[in-house]
Structures are given as structure tokens and as C-alpha cells.
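Observations on the three-dimensional arrangement
Each chain is listed here by its residues.
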Amino acid sequence: MEKTKLIAASLSIFDGNNQINDSEMNKLWNKLVQEGADGIFIGGSVGECFLLKDSERIHMFEEAARFVRSVERPLDIYAHVGALSTDEAIEMARAAKSAGIKHIASTPPFYFSLSRTEVAHYYYDLASAINDSVLYYDIPSSTHIDLNTDDPDIQSLLKSGVISAIKHTNLQSYRVNKIKSLNPDITIFGGFESRVIPMMGYHCNGFIGSTFNFMLPQYKKIIEVYNSPQSSKVYRMVQDTTSVLNVLLEVGLPAAIKYILTSCYGIQAGEVRRPLLPLTLESRQRLDQILKQKLFDVTSL
């Protein structure tokens, strides 16, 4: 059976001067490696990607590339280069490739009402510029661009080999089968941790998750139990992790994960960037309570 890969969507950690904090980033990445992450996704949504300067994103790619060279086992690094401008995305992708990062990921350009033909050509241009395939970061709740597998331009894109993987942060799990029918070589990563069970049912290849920053052991156990004779227990486990996730989403996902890493793991994860707001005292108390109630002990199962 092929291994279900768990890729942690890394935070971006800032110091007291609102600059990238390399030392704390490396502490986080070391923690993820020690816990068994199969890879790290740099500069995604929980990484506050569009609140970073291009130079900061490139710096993080370079720092991640240096980090992975110190790891004594295979570790997939994904550099998210999504941007409104094709040229901007290409510049970041080339920089990531030059640093030694193999995998390039991108959301489709948002804000402008692009046709699906224009979206497809964004990926053709990006892949051509780096002479490699790209991960399509499908998150229509944020981009308002739907990866419509019935559209001829999208079908051609998926068949072309330009898209090697998809981060499916989309509630329409059934589309996994359509994507695989168009191109069985595309790797599918689930992007919603709460959808672990249905995505496993559709035989996805793994997951890219923001809560893996602190719940990676729990999700590794969920995958293990799902594939075991005790699979019926997995529903309660996912209920518990989803209860935690729901509170994080309500109080602010990046800020909540930064608080948890700081208070529970000794990683000085700092604050979020404006316009995101720091947690209130009430929000911190809610997080403390839900973690105490629902963050199950993986050694007790």
C-alpha cells in the first residue's frame, strides 16, 4: 500500500520587529521532522503568503532549502509562489528552483475575473518558465476560482502534464475521481483536515495541513487507525481533531496556531501581520480549554 504523505503547511514566524525569524522557523521545521512530517509547504495560507513581500517569500524558500540539506532523510519542500501577476510568480518560482527546491505550488491568480482559459495559461506559462510541472493549489473559498473538471480548458490543463499535483482544499471531494480519470498520474493532497475520512475514501495520496504544525502525531495516528482493523475508531478521533480545528477557525487560524506553538511547544511564533489581528484573552482561554478536552494522547490508543 502506498504511504499516505502528511505535508505540514508551515507558519511564517516574525520577530519583534516584524521580520522573518529564521531561528524560530528552523525550530518549527525541526519539530515537524522529528514528528515524522513527509514534507513542508512554505508560504501557503497559514503562512500569511499574501502579507509577505516577494523578497521575504524568496528568503523563506532559500532558508527552507538550506534546512532540508541538513535533514538526514527525504523531505519534500513545496514553495508556494501564487501571485496576481504571472511574471511575479515566475520570478519567485525561479528563485525557489535556484535555491534547490523541487516542488513549486501556486494558487490561481484571483481578484480579476479571469476566464478558465486565462487560468490555464497562467499554469502553462509558470511551468514553461521553470521547465517543470506545478502543484495547483485549489482553494475556491479564498480565490473564488473553481477548478471545474467539466470545463474543456481545465481538462486540457490536467491532461497536459503541466499539473503534477493538486492541493484539494475544496469540499467537492467527488472531483478527485474525475481528476484521476483525466490524469491518473496527478498526486492529490487533501487540504481540509476535517475531510480526512472522505478523502481517504477517494484514495487521495496525502494531506497538506496547517494544524499539522501541532497535531501531526494525531493525524499520523488517524491514518494508521484508518488503515487498520480498528478503523471504526477513526470517526471519534477525527471528531476530536475537528473540534479543535473549528475553534481555531473561529478565533483566527494563523494567530491560534502561533499561540499554541508558543504556549505549548516553546517556539516563539510571534504575532500575525495586519490586517490579521492578535488573539484576545477570551480566544486564548477557548484554545486552552479545547486543547485540554480534545487533543487526544496518541500513546493511549
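Above this text sits the structure in question.
The present account deals with the structure reproduced in this document. (Residues numbered from 1 in each chain as written. Predicted model: local features only at pLDDT ≥ 70, side-chain atom pairs only at ≥ 80, totals over all residues. Heavy atoms only, no water.)

**Here's the deal with the overall build of the chain**
Counting its secondary structure elements, the chain contains twelve helices and eight strands. Rg of the C-alpha trace for the chain: 19 Å, near the compact-globule value of 19 Å for 301 residues, within the 12% margin. Dimensions of the chain, computed from C-alpha atoms along their principal axes, come out at roughly 50 × 50 × 40 Å. Here the chain holds 301 residues, and the buried ones make up 54% of them. Relative to all contacts within the chain whose residues are 6 or more apart in sequence, the contacts with residues 24 or more apart total 69%. Considering the chain, the positive charge centre built from 30 side chains and the negative charge centre built from 33 side chains are found 5 Å apart. (Helix = DSSP H or I, 4+ residues; strand = E, 2+ residues; numbered from the N terminus. Rg over C-alpha atoms; globule rule 2.2 N^0.38 Å. Buried < 20%, exposed > 50% of the residue type's maximum accessible area, 1.4 Å probe, protein only. Contact = heavy atoms within 4.5 Å. Lys, Arg positive; Asp, Glu negative; His and termini not counted. Charge placed at Lys NZ, Arg CZ, Asp CG, Glu CD.)

**Considering the packing of helix H4 (residues 116-130) against helix H6 (residues 152-159)**
Orientation of H4 relative to H6, taken along the N-to-C sense of each, is 15 degrees, at an axis distance of 8 Å. Comparing their axes, H6 and H4 come out roughly parallel. In this structure, the crossing between H4 and H6 has a hand that is left-handed. Residues Arg116, Thr117, Ala120, Tyr123 and Tyr124 of H4 pack against Asp153, Ile154, Ser156 and Leu157 of H6. (Axes fitted to C-alpha atoms, helices over the stretch in contact; angles between N-to-C directions. Parallel < 35°, antiparallel > 145°, perpendicular 65-115°, else oblique. Left-handed = near helix turned anticlockwise from the far one by under 90°.)

**Comments concerning the side chain of Ser12**
Mapping Ser12 onto the fold places it in the loop between strand E1 (5-9) and helix H1 (22-34). The exposure class assigned to Ser12 is buried, which follows from its relative accessible area of 0%. Within the structure, the side chain of Ser12 is placed 2.6 Å from the backbone oxygen of Gly47, a separation counted as a polar contact. If near-sequence neighbours (up to four positions away) are discounted, Ser12 is found in contact with Met25, Val46, Gly47, Glu48, Leu52, Met60 and Lys258. (Polar contact = N/O pair within 3.5 Å; in protein donor to acceptor, adjacent residues only side chain to side chain.)

**Observations concerning the layout of surface pockets**
In this structure, the largest pocket occupies an estimated 690 Å³ of space. Taken together, 33 residues line the largest pocket, and the ones lying closest to its centre are Ser45, Val46, Tyr137, Ile139 and Ser142. Elements supplying a minimum of two residues to the lining of the largest pocket: helix H5 (140-143), strand E8 (206-209), helix H10 (234-251) and helix H11 (253-265). A breakdown of the residues in the lining of the largest pocket according to their chemical character gives 17 nonpolar, 13 polar and three charged. There is about 280 Å³ of room inside the second largest pocket. Taken together, 18 residues form the lining of the second largest pocket, with Tyr78, His103, Ala165, Thr187 and Phe189 sitting closest to its centre. Only strand E3 (76-80), strand E4 (103-106), strand E5 (134-138), strand E6 (163-168) and strand E7 (187-190) provide two or more residues apiece to the lining of the second largest pocket. (1 Å grid on protein atoms, 1.4 Å probe; cavity = no way out; pocket = protein on both sides within 12 Å on 5 of 7 lines; lining within 4 Å. Points joined across faces, edges and corners; volume = space filled by probe spheres on them. Nonpolar A, V, L, I, M, F, W, Y, C, P; charged D, E, K, R; others polar.)

**What to know about the pairing of E4**
In this sheet, E4 lies alongside E3 in parallel orientation, the contact comprising three bridges. Note on E4: the bridge partner recorded for Tyr78 is His103. For E4 and E5, the ladder comprises two bridges, and the chain directions are parallel. For Ser106, the partnering residue across the bridge sits in E5 and is Tyr136. (Pairing = 2+ DSSP bridges.)

**A closer look at the pattern of salt bridges**
Evaluation of the coordinates by the stated rule reveals 13 salt bridges. One salt bridge in this structure joins Lys221 and Glu224, with 3.4 Å as the shortest N-O distance. A residue pair is termed a helical-turn pair when its members lie 3 or 4 positions apart in one helix, as Lys221 and Glu224 do in helix H9 (residues 212-226) at three residues. (Salt bridge = Lys/Arg side-chain N within 4 Å of Asp/Glu carboxyl O.)

**Some remarks on the packing of aromatic side chains**
Applying the stated criterion across every chain yields a total of nine aromatic pairs. Ring plane angle 25 degrees and centroid distance 6.2 Å describe the contact between Phe41 and Tyr78, whose orientation is recorded as stacked. Pair noted here: Phe41 is in strand E2 (residues 39-42) and Tyr78 is in strand E3, with a separation of 37 residues, a long-range link. The exposure class of Phe41 is buried, given its relative accessible area of 1%. A ring pair is formed by Tyr122 and Tyr123, whose centres lie 5.1 Å apart and whose planes are at 90 degrees; its orientation type is edge-to-face. Owing to a relative accessible area of 2%, Tyr122 belongs among the buried residues under this scheme. Among the aromatic residues, those joined into a cluster by ring pairs are Phe41, Tyr78, Tyr137 and Phe189. (Phe/Tyr/Trp six-rings, centres within 6.5 Å; stacked < 30°, edge-to-face > 60°.)

**Describing helix H7 (residues 175-182)**
Looking at H7, one finds that the buried residues are Arg175, Val176, Ile179 and Leu182. Angularly, the buried residues of H7 cover 125 degrees about the axis, an arc narrow enough to put them on a single face. Structurally, H7 contributes buried residues whose contacts are with H6, E6, E7 and helix H8 (196-201). (Arc of directions from axis to C-beta.)

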